[in-house]
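Per-entry structural report
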Amino acid sequence: MPTKQSTNSPGSPPAQAQVVIVGGGVIGCSVAYHLTKLGWKDVLLLERKELTSGTTWHAAGLIVTPSESELAVEISTYTRELIKSLEAETGQPTGFKEIGYLQLACTPEWLEERRRMAVGARRLGVNYQEISPTEVKEMWPLADTSDVIAGFYTPEDGRANPVDFTMALAKGARMGGVTIFENTEVIGISQKDGRVTGVVTDKGEIEAEFVVNCAGLWGRELGKLAGVNVPLQAAEHYYLLTQPIEGVHPDLPIIEDFGRYSYFREEVGGLLVGFFEPIAAPWGMDGIPKDFAFGEINPDWDRMMPYIEIATERVPVLKDAGIHKFFCGPESFTPDGGPILGEAPELKNFFVAAGLNSLGILQGGGVGKIMAQWIVDGYCPVESHHIDIARCFRFQGTQKFLTDRTVETLGMQYQLIYPNTSKQTARNVRRTAIHEQLAKAGAFFSEGMGWEIPDWYAPTGVEAKVEEYTWKRQNWFEYLAAEHKACREDVILMDVTSMSKFLVQGREAENALNNICANDVAVPVGKVVYTQWLNERGGMEADLTVTRLAEDKYFIVSAGDFYTHDLMWLKKHIPYDAHAFVTDVTSGYTLMNIQGPKSRELVSRLTTADVSKEAFPYMTAQFIDINYAVVQTMRVTYEGELGFELYVPTEFSAHVYESVVEAGQGLGLKHAGFQALNSLRIEKAYREYGHDMDNLDTPLEAGLGWAVKFDKPGGFIGRDALLRHKESGPLKYRMVQFLLEDPEPMLYGNEIIYRDGKIVGYLQTGTYGFTLGGSMGMGFVEGDDGEGATTEYINSGKYEIDIADERYPAKASLHPMYDPKNERVRS
Ligand SMILES: Cc1cc2nc3c(=O)[nH]c(=O)nc-3n(C[C@H](O)[C@H](O)[C@H](O)COP(=O)(O)OP(=O)(O)OC[C@H]3O[C@@H](n4cnc5c(N)ncnc54)[C@H](O)[C@@H]3O)c2cc1C
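Let me sum up the structure you'll find in this document. These numbers come from a predicted model, not from an experiment.

**Some thoughts on the packing of aromatic side chains**
Summed over the entire model, instances satisfying the criterion amount to 39 aromatic pairs. Residues Tyr 261 and Tyr 307 carry aromatic rings whose centres are separated by 5.8 Å and whose planes lie at 90° to one another, so their mutual orientation is edge-to-face. You can see Tyr 261 sitting in the loop between strand E13 (254–257) and strand E14 (262–267) and its partner Tyr 307 sitting in helix H7 (residues 301–314), a full 46 residues away along the chain. By relative accessible area, Tyr 261 is classed as partly exposed at 21%. Taken together, a centroid distance of 5.5 Å and an interplanar angle of 65° make the contact between Phe 738 and Tyr 799 edge-to-face. With Phe 738 in strand E32 (residues 733–740) and Tyr 799 in strand E36 (residues 799–803), this pair connects stretches of sequence that are 61 residues apart. The pair formed by Phe 738 and Tyr 799 is uniform in burial state, with each residue classed as buried. An aromatic cluster of three or more residues is present, and its members are Trp 110, Phe 258, Tyr 263, Phe 276 and Tyr 414. The ring centre of Trp 218 lies 4.2 Å from the NZ or CZ of Arg 48, which sits over that ring.

Now the structure itself:
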């Protein structure tokens, strides 16, 4: 229970503040604290009831740092160190106890997963030790270790008191100048011309330059007041507290037992047993009760009993232990399990920091620091893709979607997430116009952005089904090999409709886009331009193609994941009074990709147009007839072959699809899915934004400097910063393509890169390269301190890739290993 102290400021809230933070949980207090560290003092924090009264007060307080994600390790390690130092700074204890953290691996699959993760975590400075079952037993004599294969131990981790930690942040914030008002509810958000101007409270209006939504479970409702989509949903979240148990002492390390969906730690001489059940229960679908404060939910014993029984098998004394309390409280979860942070795409200066997926205490410090920097500097200081609110879609905010998806997201924390797994809930949300035809052709679908995405195709007569997820080759490996081969030797048909598609039209479209694009789009009509969009620091915000359809008309195609972000970026950077207008046409087209050396022959069977190399060159676009349809067609490739992308008006989709399939007879036409796309593009070293590179990388490090036109008239956003970067000496790191010499092992991304025995980076992506005959990956290689990542340095190294603690020799190249001279794509 909270150790209550008054933090409320006297009197009424002021009529204005530079920043208003809504919500006094761990996140709101951390954002406030960190703003003061950056020198911002005119900050007002408003809390509806009392500080910590939302979710924060009842958290279990696990402060555990290992993760496969670099960003997650950075955030949680920062929090842990902050928790340790806050008492000295504020005089308020945080209750941190360094009792250590122990994860159990009880199956060979979990062992491999942990070992794969361990190398990455250690590279990031986490002291992540593999220990034997005997050592686990010595640490935790009450645990049944008969099925334990290994333990993974982090001695520096532990637990904190969430209320005390939050109070320490609040105290630090006040010491830095923040004003806190409890019992003050925000009931409206004011805005003008697309920018937030303040809040309306039950005690009056407050003007503000920035408003930060840290309202936890209430974050979705608060977002709605501002017209902002914050797709999060509360769910029941449980732990059980026992009476004191003999042998349980305060120094017992925390155990996490993924296979039993549970964690264990000491609490007042007894055990706290927490649960991440695989099938969860969303809560508060009719809205969070108005007066909910320091609230609890009636536990659903029937639903949870099987999980309690499974947990009891790990610590058998639990059977006889008296239960002090079975606690259920709500916590908010998001569609992909990542937090929702950043500036709302819908409303300038309205920031969100909510949806912490049961990690709000652990991530609270780091999230507060990131948010404060984001607000002050106007950009995300870390890799943004997995945390940015701009990755969310409006449909994800519907109650039906959130109710269905939340069942799955809580349990994901303890699931073994194999490569290529996909969400199982809230499926069939977005289907392309030829979905049924693809299903008949044997497609196995995965989910992405709500789309049913064809992943791979089963051969005729074989059910499209994953027999078993594993780290090794899966049952569909040979099907994938056949799709890949067909693209390299014959021709494939791929439905990539999930790509985002926008039109920019108007007299000033060229100027507006040339300011946003690093490449030059002042090109003749019909030309396709590959370009990045940069931020003011020269980092990449998008990677896409811009096609000039007319003097005053451009067609933009970017990855589906970045739909909201890219649309927002366009709208934000085209001047309000410019004669240039953005239209989203994503749903208007089915995008059929015809790729492979026989693609020209196939397309020419369907059209009267001349599609020869001379008449329809690489990186150009034309409207051509495809039987009865008129189709915008581009000669581009992401597979590294001769190919044509058909942007088919949606209502012509079935007709064009049938036409393509018929014309493909005798040419070896095969359907191919996104797995093939990945395998083909990595062989050709084509980068994927959001996976291989992100907002912190520049085109120079990514090896895309050739697509930057420094000298074009008028310049472009980020030019000066990029130029300074270019002239500042050798690059510190560079993107390199790798091919394992041994054809057997599988790469999936995140594996560590060694150069001459020294860690120099990790793979951003990995897949199997069927043409080159081995697993391949792309990753940034850090240069050495003196000379940087020069070509000579990269080329002179001897490389190995670490897979689950075993190293495999690899070839490395700065140039695509497949078709380095681009002969095939230009053929
Ligand atoms: C059983 C359980 C165990 C957990 N264990 C852990 C753990 O071990 N480690 C960990 O890291 N995390 C854990 N968590 C998760 C953690 O508690 C949350 O992620 C975290 O507390 C979220 O903090 P918050 O500030 O976003 O939300 P909250 O604490 O809910 O704060 C939001 C605040 O906003 C206020 N508010 C809402 N609307 C308004 C409005 N209109 N005007 C003014 N104020 C408003 C609310 O009153 C509330 O106080 C656990 C959660 C549960 C349920």
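There is more to say, and it comes next.
**Some details on empty space enclosed by the protein**
In this approach, a probe sized like a water molecule rolls over the atoms, and the result shows the empty space that is left. Taken as a whole and assessed by the stated rule, the structure comprises 2 cavities of 30 Å³ or more. Estimates place the volume of the largest cavity at around 80 Å³. The wall of the largest cavity is formed by Ser 384, His 385, Asp 388, Ala 390, Arg 391, Glu 541, Phe 562, His 565 and Tyr 689. Along the lines of polarity and charge, the residues of the lining of the largest cavity split into 3 nonpolar, 3 polar and 3 charged. In this structure, the second largest cavity encloses a volume near 40 Å³. Contributing to the lining of the second largest cavity are Thr 432, Trp 451, Glu 452, Ile 453, Pro 454, Asp 495, Val 496, Thr 497, Ser 498 and Phe 674. Looking at side-chain class alone, the lining of the second largest cavity contains 5 nonpolar, 3 polar and 2 charged residues.

Rules of the game
- Residues numbered from 1 in each chain as written.
- Predicted model: local features only at pLDDT ≥ 70, side-chain atom pairs only at ≥ 80, totals over all residues.
- Heavy atoms only, no water.
- Phe/Tyr/Trp six-rings, centres within 6.5 Å; stacked < 30°, edge-to-face > 60°.
- Helix = DSSP H or I, 4+ residues; strand = E, 2+ residues; numbered from the N terminus.
- Buried < 20%, exposed > 50% of the residue type's maximum accessible area, 1.4 Å probe, protein only.
- Lys NZ or Arg CZ within 6 Å of the ring centre and 35° of its normal.
- 1 Å grid on protein atoms, 1.4 Å probe; cavity = no way out; pocket = protein on both sides within 12 Å on 5 of 7 lines; lining within 4 Å.
- Points joined across faces, edges and corners; volume = space filled by probe spheres on them.
- Nonpolar A, V, L, I, M, F, W, Y, C, P; charged D, E, K, R; others polar.

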